[in-house]
Amino acid sequence: MDELFKVASKILAEQLSIDPSEITMETTFEELDADSIDIVEMIMALEDSYDVEFPEEDLEDYPTMGTLLAALYEFLQQAKK
Amino acid sequence: MKIAIDVMGGDFAPGEIIAGACKWAEQPGCHAILVGKEAIIKQELGNFDPEKLTIINADEVIQMDESVLALRKKKKASIAVATKLVHDKTADAVLSCGSTAAQMASALFILGRFNGIDRPPIVASIPGPEGKNTLLIDVGANVDCKPAQMLQFAVLGKSYAAAVMGRDNPVIGLLNNGSEETKGNALALEAYSLLKNEKILNFIGNIEGRDLFGGSCDVVVCDGFTGNIVLKALEGLGLYLGRAMVQETGKVPAVLHRFDYSNVGGAPLLGVEGVSIVCHGSSKRDAVFSGLNTACDCVTRDIVNMQKEALKLIAVD
């Protein structure tokens with residue numbers, strides 16, 4: 001999960017032109033001023049990084065980086081099995 | 001010239017979209033790639049010359065009221081499939097009368113964007129004195145904008161005005177509710193500050209709605225929410241004046257045709273790695289026909305590379 005967070009926060013920070021240290025698991029996307037396109041872009045970049053296709057998600061169910069990454073992490077674990 | 005047409009998008013899809021595409025494809029050198037539900041397309045086509053077009057099946061459609069997230073859920077949507085054809089160089093351009101959000105997201109995710117550009121805006125040409133039109137940017141791709149994005153719109157507008165319209169050192173204005181620097185909402189105030197401090201821009205400050213037609217600016221920047229309202233208000237005004245003139249004089253003066261969107265048909269998304277033409281949701285065959293000719297013009301003028309060349313000189317951060 002730590003590695004996923006590192007990769008995801010680096011991607012999102014680059015997209016939003018902010019310092020990765022501004023992103024924590026508790027940070028809400030709203031606080032980061034990230035819109036749905038930003039989040040979808042991050043998810044697509046993660047898909048490229050991990051060579052997987054995450055399931056279609058309802059982003060409103062994941063208001064923070066932590067909640068979204070937890071769902072993606074669970075999928076990655078399932079995919080490994 | 002091959003253009004991929006999302007025939008499932010729009011209030012009058014697929015019938016009017018296909019009719020406009022067929023009319024366009026009758027021109028020499030034009031080939032329409034109709035993207036949508038194949039069975040429906042075949043039914044609509046009737047006896048049209050099959051050599052003038054290709055049908056590519058796409059089973060899904062993104063509805064006007066769906067968000068950009070629909071693109072992830074509907075990977076076989078007609079707009080996504082049509083945009084992919086441009087990415088793969090099968091088509092020279094894509095045109096859609098469907099969801100602008102879905103088209104913008106398709107362009108962003110499938111075609112890709114230029115370095116330093118967060119969101120592609122739509123640029124429209126506003127009639128001006130002696131044929132000197134003014135570009136209004138953004139007219140609807142981004143309803144919620146950040147100040148930095150407004151700066152990017154200005155840079156893209158500058159490059160487009162210089163590259164495509166031949167304007168030397170284009171004059172940039174910010175659409176606002178007053179000309180003074182202190183006027184406007186938080187977005188306008190912050191955008192003003194960014195535009196003023198960007199040395200590569202020939203920024204003359206705020207301009208008001210009435211100044212759009214005066215020819216004082218080559219490019220007027222606004223957020224997509226405001227720009228779309230302005231554009232549609234102009235179209236509505238044109239229609240109203242046309243009706244009033246018919247009642248009073250029995251004819252429509254030629255100048256009002258400049259406000260008829262069906263004569264232009266569509267407007268390009270800027271800042272993306274391909275030509276993507278956004279059309280009105282309410283487009284009928286004539287507007288689709290004009291939009292396809294606008295797409296041809298954009299391809300012929302090589303707007304993608306011309307923007308990129310102009311941006312190299314500007315070097316967006």
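Computed from a prediction, not measured in an experiment: that's the story for all the values here.

**Things to note about the overall build of chain B**
Step number 1: The number of helices and strands found in chain B is 10 helices and 11 strands.
Step number 2: Whereas a compact globule of 317 residues would reach a radius of gyration of roughly 20 Å, chain B reaches 19 Å, a difference of no more than 12%.
Step number 3: The 317 residues of chain B split such that 55% are buried.
Step number 4: Considering only intrachain contacts with a sequence separation of at least 6, the fraction spanning at least 24 residues in chain B is 67%.
Step number 5: Carbon and sulfur atoms make up 52% of the accessible area of chain B, which totals about 13800 Å².
Step number 6: Each charge class in chain B can be summarised by its mean position, and for the 31 positive and 36 negative side chains these summaries are 2 Å apart.

**Some details on the packing of aromatic side chains**
Residue and element names in this part refer to chain A.
Step number 1: In the structure shown here, the tally under the stated rule is 2 aromatic pairs over all chains.
Step number 2: A ring pair is formed by phenylalanine 54 and phenylalanine 75, whose centres lie 5.7 Å apart and whose planes are at 65°; its orientation type is edge-to-face. Taken together, the positions of phenylalanine 54 in the loop between helix H2 (36-50) and helix H3 (65-80) and phenylalanine 75 in helix H3 put the pair 21 residues apart, joining distant regions of the chain.
Step number 3: On the basis of relative accessible area, phenylalanine 54 is assigned to the buried category, the value being 2%.

**Quick look at the domain arrangement of chain B**
Quoted interface sizes are often the accessible area lost when the parts come together.
Residues and elements named next belong to chain B.
Step number 1: Taken as a whole, chain B is organised into domain 1 (1-117 + 271-302) and domain 2 (120-261).
Step number 2: Each of domain 1 and domain 2 was reduced to a C-alpha centroid, and the two centroids are 26 Å apart.
Step number 3: Opposite the 15 residues of domain 1 that make contact, domain 2 presents 12 residues.
Step number 4: Carbon and sulfur atoms make up 72% of the surface buried where domain 1 meets domain 2, a total of about 1100 Å² over both sides.
Step number 5: Among the residues domain 1 hides against domain 2, the three largest losses belong to Met104, Ile117 and His280. Together they make up 46% of the total.
Step number 6: Applying the counting criterion to the domain 1 and domain 2 interface returns 0 salt bridges.

**Observations concerning the pattern of salt bridges**
Step number 1: The final tally for this structure, using the stated rule, is 17 salt bridges over all chains.
Step number 2: Between aspartate 38 of chain A and lysine 146 of chain B there is a salt bridge whose closest N-O contact spans 3.9 Å. Taken together, the residues aspartate 38 of chain A in helix H2 and lysine 146 of chain B in the loop between strand S6 (134-137) and helix H6 (147-163) connect one chain to another.
Step number 3: The class for aspartate 38 of chain A is buried, based on a relative accessible area of 4%.
Step number 4: Salt-bridge contacts for aspartate 88 of chain B lead to lysine 84 of chain B; the nearest nitrogen and oxygen are separated by 3.0 Å.

**Considering the environment of alanine 163 of chain B**
Step number 1: Tracing the backbone through its elements, the reader meets alanine 163 of chain B in helix H6.
Step number 2: Each C-alpha atom, one on alanine 163 of chain B and one on asparagine 115 of chain B, is 18 Å from the other, the two residues being 48 residues apart in sequence.

**Some points on the interface of chain A and chain B**
Step number 1: Across the contact, 20 residues belong to chain A and 12 residues belong to chain B.
Step number 2: The junction of chain A with chain B conceals about 1400 Å² of combined surface from both sides, 53% of it contributed by carbon and sulfur atoms.
Step number 3: Put simply, chain A and chain B have 4 salt bridges between them.
Step number 4: The tally of links between chain A and chain B comes to 4 residue pairs in polar contact (both at pLDDT 80 or more).

Rules behind the numbers
Residues numbered from 1 in each chain as written. Chains lettered and ligands numbered in written order. Predicted model: local features only at pLDDT ≥ 70, side-chain atom pairs only at ≥ 80, totals over all residues. Heavy atoms only, no water. Helix = DSSP H or I, 4+ residues; strand = E, 2+ residues; numbered from the N terminus. Rg over C-alpha atoms; globule rule 2.2 N^0.38 Å. Buried < 20%, exposed > 50% of the residue type's maximum accessible area, 1.4 Å probe, protein only. Contact = heavy atoms within 4.5 Å. Areas by Shrake-Rupley, 256 points an atom, 1.4 Å probe, with all protein chains shown as cover. Lys, Arg positive; Asp, Glu negative; His and termini not counted. Charge placed at Lys NZ, Arg CZ, Asp CG, Glu CD. Phe/Tyr/Trp six-rings, centres within 6.5 Å; stacked < 30°, edge-to-face > 60°. Domains from an automatic or database assignment. Buried area = accessible area lost by both parts, 1.4 Å probe. Salt bridge = Lys/Arg side-chain N within 4 Å of Asp/Glu carboxyl O. Polar contact = N/O pair within 3.5 Å; in protein donor to acceptor, adjacent residues only side chain to side chain.

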